[in-house]
Amino acid sequence: MGRQYGYCRISTGRQNIMRQERNIKAAFPDAVIVREVYTGTKFQGRKELERLLGKVQPKDTIIFDSVSRMSRDAEEGFRLYEELYYRNVSLVFLKEPHINTETYKRAMMNQVALTGDKVDLILKGVNRYLMELAREQIRLAFEQAEKEVADLHQRTREGIETARLNGKQIGQPKGASYETRKARTAKEIIRKHNKSFGGSLTDAETMRQAGISRKSFYKYKRELREEMA
């Protein structure tokens, strides 16, 4: 048995890489986790993946949460799959176990009892057939993943529209501003301690006390005066 690597990738800031890691660790507790946050479309730009591909050895295993984490599209994913298959690196896909390389290796082993002058030619044909089958399964897996994302987006849009029809406010009201906790704390310090509001601190002292910039200080000071008007 070689080493086990779990490859986790997210391509948008909204995704959670920890979910992939938990899934992999649950099935392969000894796997070394490789994390990648990447939003491009080419393998060449994925430094952690390239580094992993450069060090894996025959009999090593790479685990993915799903086929869609291996690449950005089915054709590119199949090329990597085929390369690693022939390098004798095992691939495991937790959501699509029927595509695991061991599935196809077992199918090949079932042919070793063949005898005769043409056995090598037969095995070559069987191997090619299995790779074409893997290509098709990878394509179907990517289509399913894309459908799930599209369905999620559709359900989100429908939920927002339903909420609107029911009179619920979606997002921040027009013209409203969002005030952070830091801004509220700074304003409270200005209101209580700055000389302009009956306190004892100068403007410079108030800025230091609140830990804010000169621009923010005068902005908050102006807003406080407007609120008190």
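Rules of the game
- Each residue is numbered by its place in its chain's sequence as written, counting from 1.
- Under the rules for a predicted model, residues below a pLDDT of 70 receive no local features and side-chain atom pairs below 80 are neither given nor counted, while totals for whole chains, interfaces and linings still include all residues.
- Where side-chain values are given, they derive from all heavy atoms of the structure, hydrogens and water being excluded.
- What counts as a ring pair is set by centres within 6.5 Å for rings of Phe, Tyr and Trp (its six-membered ring), and what kind of pair is set by the plane angle: stacked under 30 degrees, edge-to-face over 60, tilted for all other angles.
- Helical segments are the DSSP runs of H or I of at least four residues, strand segments are the runs of E of at least two, and each set is numbered from the N terminus.
- The rule is simple: take the accessible area with a 1.4 Å probe, protein chains only, and divide by the maximum for that residue type; under 20% is buried, over 50% is exposed, in between is partly exposed.
- Between two residues, a contact is recorded if the distance between any of their heavy atoms is within 4.5 Å.
- Polar contact criterion, stated in full: a pair of N or O atoms within 3.5 Å, where within protein one must be able to donate a hydrogen and the other to accept it, and residues adjacent in sequence count only if both atoms are side-chain atoms.
- Among buried residues, the Ala, Val, Leu, Ile, Met, Phe, Trp, Tyr and Cys ones that are joined through side-chain atoms within 4.5 Å form a nonpolar core.
- Strand pairing follows a simple DSSP-based rule, namely that at least 2 bridges must link the two strands.
- Salt bridges are counted wherever a side-chain nitrogen of Lys or Arg sits within 4 Å of a carboxyl oxygen of Asp or Glu.
- Under this scheme, a helix contributes an axis fitted over its contacting stretch, all axes are lines through C-alpha atoms, and angles between N-to-C directions fall in the 0 to 180 degree range.
- In what follows, roughly perpendicular refers to angles from 65 to 115 degrees, roughly parallel to angles under 35, roughly antiparallel to angles over 145, and oblique to any angle outside these ranges.
- Residue polarity follows a fixed list, in which Ala, Val, Leu, Ile, Met, Phe, Trp, Tyr, Cys and Pro are nonpolar, Asp, Glu, Lys and Arg are charged, and the others, Gly among them, are polar.
- Handedness rule for crossovers: strands pointing away from the viewer, path from the first strand over the helix to the second running clockwise, crossover right-handed.
- Multiplying 1.5 Å by the helix residue count minus one yields the expected span of that helix.

Trainee: Summarise the packing of aromatic side chains; cite the residues concerned and give the values.
Mentor: All chains considered together, the criterion is met by 5 aromatic pairs. An angle of 70° between the planes, with centres 5.8 Å apart, marks the rings of Y7 and F64 as edge-to-face. A residue pair is termed long-range when its members are at least 10 positions apart, and Y7 in strand β1 (residues 4–10) and F64 in strand β3 (residues 61–64) qualify at 57 residues. For the pair formed by Y7 and F64, the shared burial category is buried.

Trainee: Residues and numbers for the environment of S90, please.
Mentor: Positionally, S90 belongs in strand β4 (residues 90–93). With a relative accessible area of 11%, S90 lands in the buried category. Considered as a pair, S90 and N100 are 10 residues apart in the sequence and their alpha carbons are 7.6 Å apart. Residue contacts for S90: discarding those within four places in its chain leaves D60, T61, I62, T101, E102 and K105. Of note is the side chain of S90, whose polar atom sits 3.0 Å from the side chain of E102.

Trainee: How would you summarise the nonpolar core if you had to cite specific residues and measurements?
Mentor: By size, the foremost hydrophobic cluster in this structure holds 28 residues, and its most contacted members are I62 and Y81. Those residues within four positions of I62 in sequence are excluded, and the remaining contacts are Y5, Y7, L52, L53, V56, L84, V89, S90, L91 and V92. Ranked by size, the runner-up nonpolar core spans 11 residues in total, among them A186, I189, M207 and I212.

Trainee: Could you give an account of the pairing of β1, with specific residues and numbers?
Mentor: With 7 of its 7 residues buried, β1 lies for the most part within the structure. Taking every second residue as pointing to the same face, both faces of β1 are buried, with Q4, G6, C8 and I10 on one and Y5, Y7 and R9 on the other. In this structure, β1 lies alongside β3, joined through 4 bridges in parallel fashion. Paired with Q4 across the bridge in β3 is T61. With 6 bridges connecting them, β1 and strand β2 (residues 32–37) associate as parallel partners.

Trainee: Outline the pattern of salt bridges, supporting the account with residue identities and numerical values.
Mentor: Summed over the entire model, instances satisfying the criterion amount to 10 salt bridges. A salt bridge links E21 to R35; the nearest nitrogen and oxygen atoms lie 3.0 Å apart. Of this pair, E21 sits in helix α1 (residues 17–27) while R35 is found in strand β2, placing the two residues 14 residues apart along the sequence. In this structure, E188 engages R191 in a salt bridge whose closest nitrogen and oxygen atoms are separated by 2.5 Å. Separated by 3 residues within a single helix, E188 and R191 lie in helix α6 (residues 181–193), roughly one turn from each other. Through salt bridges with shared partners, one network takes in R19, D65 and K95.

Trainee: Now, about the packing of helix α7 (residues 203–210) against helix α8 (residues 214–228): what can you tell me, with residues and values included?
Mentor: For the pair α7 and α8, the least separation of the axes is 10 Å and the interaxial angle reads 105°. Classified by the interaxial angle, the pair formed by α7 and α8 is roughly perpendicular. Contacts between α7 and α8 pair D203, T206 and M207 from the former with R214, F217, Y218 and K221 from the latter. Of the residues contributing to the contact of α7 with α8, the split by class is 3 nonpolar, 1 polar and 3 charged.

Trainee: Can you explain the pairing of β3? Please cite residues and give values.
Mentor: Burial along β3 is two-sided: the face carrying T61 and I63 and the face carrying I62 and F64 are both buried. Direction of pairing for β3 relative to β4: parallel, over a ladder of 4 bridges. Its bridge partner lying in β4, I63 is registered against V92. Following the backbone out of β3, through helix α3 (residues 74–86) and into the adjacent parallel β4, one traces a crossover that is right-handed.

Trainee: Residue-level account of α3, with values.
Mentor: Given 3.6 residues per helical turn, the α-helix brings residues three or four places apart onto the same face. Counted at 1.5 Å a residue, the expected span for α3 with its 13 residues is 18 Å, and the 18 Å between its end C-alpha atoms agrees. Sitting at the head of α3, D73 places a side-chain oxygen 3.2 Å from the backbone nitrogen of E75. Phi turns positive, to about 65°, at N88, one or two residues after α3.

Trainee: Quick one: what's the story with the environment of K95, residue by residue and with numbers?
Mentor: Assignment of secondary structure puts K95 in the loop between β4 and α4 (101–109). Linking K95 and D65, residues 30 residues apart in sequence, is a C-alpha distance of 6.3 Å.

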